[in-house]
Amino acid sequence: MKLPSCWNCAHSFTYRELVWNWRLRCPNCGNKQFLTKKSRIQILLIELPMYIIVIPLITIADISLYIKFPAVLILILMTLFILPFWYRFTNKEQSFV
Ligand SMILES: [Zn+2]
């Protein structure tokens with residue numbers, strides 16, 4: 001898996017820049033980055049099953065809260081941490097459909 005680069009200057013984002021830089025501006029040229037439609041759909045396909053299937057299943061499962069809570073937390077964090085690999089940037093905001 002490859003991390004994305006800037007649509008303008010091709011600066012390769014580091015993992016840290018993608019996770020902590022919520023406004024997604026290129027640190028090299030300062031241009032704002034927008035997710036491409038394709039990458040937004042891919043992100044949704046990763047997030048959706050997680051939030052509508054996996055987490056509800058854990059929540060209703062007959063297991064101790066001491067296991068449930070960290071399990072849900074770890075899953076949410078894992079999802080957040082793998083998502084930057086699906087980011088691809090463009091210069092314009094693209095409509096979702
Ligand atoms: Zn740039």
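Quick caveat, the model's predicted, so the values are computed rather than measured.

(A) Molecular detail of the side chain of Thr36. Counting through the fold element by element, Thr36 comes out in the loop between strand 1 (34–35) and helix 2 (37–60). Judged by relative accessible area, which is 17%, Thr36 ranks as buried. Ignoring anything within four residues of it in the chain, the contact list for Thr36 reads Arg88, Phe89, Thr90 and Gln94.

(B) Just the coordination of the zinc ion, in detail. The protein atoms that coordinate the zinc ion are Cys6 (SG), Cys9 (SG), Cys26 (SG) and Cys29 (SG), at distances spanning 2.2 to 2.3 Å. Bound by four donor atoms, the zinc ion shows angles of 105 to 116° at the metal and therefore tetrahedral coordination geometry. Along the chain, the residues donating to the zinc ion are arranged with the sequence spacing C-x2-C-x16-C-x2-C. Pair noted here: Cys9 is in the segment before helix 1 (15–20) and Cys29 is in the loop between helix 1 and strand 1, with a separation of 20 residues, a long-range link. Since its relative accessible area comes to 29%, Cys9 is described here as partly exposed. Owing to a relative accessible area of 31%, Cys29 belongs among the partly exposed residues under this scheme.

(C) Structural context of the environment of Thr90. Counting through the fold element by element, Thr90 comes out in strand 2 (residues 89–90). In this structure, the C-alpha to C-alpha distance between Thr90 and Phe34, residues 56 residues apart in sequence, is 5.2 Å. Setting aside residues no more than four positions away along its own chain, Thr90 makes contact with Trp7, Lys32, Gln33, Phe34, Leu35 and Thr36. One polar contact links Thr90 to Asn91, side chain to side chain, over a distance of 3.3 Å.

Calculation rules
Residues numbered from 1 in each chain as written. Predicted model: local features only at pLDDT ≥ 70, side-chain atom pairs only at ≥ 80, totals over all residues. Heavy atoms only, no water. Helix = DSSP H or I, 4+ residues; strand = E, 2+ residues; numbered from the N terminus. Buried < 20%, exposed > 50% of the residue type's maximum accessible area, 1.4 Å probe, protein only. Contact = heavy atoms within 4.5 Å. Donors = N, O, S within 2.8 Å, 3.2 Å for Na, K, Ca; no water. Tetrahedral: all angles 85-135°; square planar, octahedral: opposite > 155°, others 65-115°. Polar contact = N/O pair within 3.5 Å; in protein donor to acceptor, adjacent residues only side chain to side chain.

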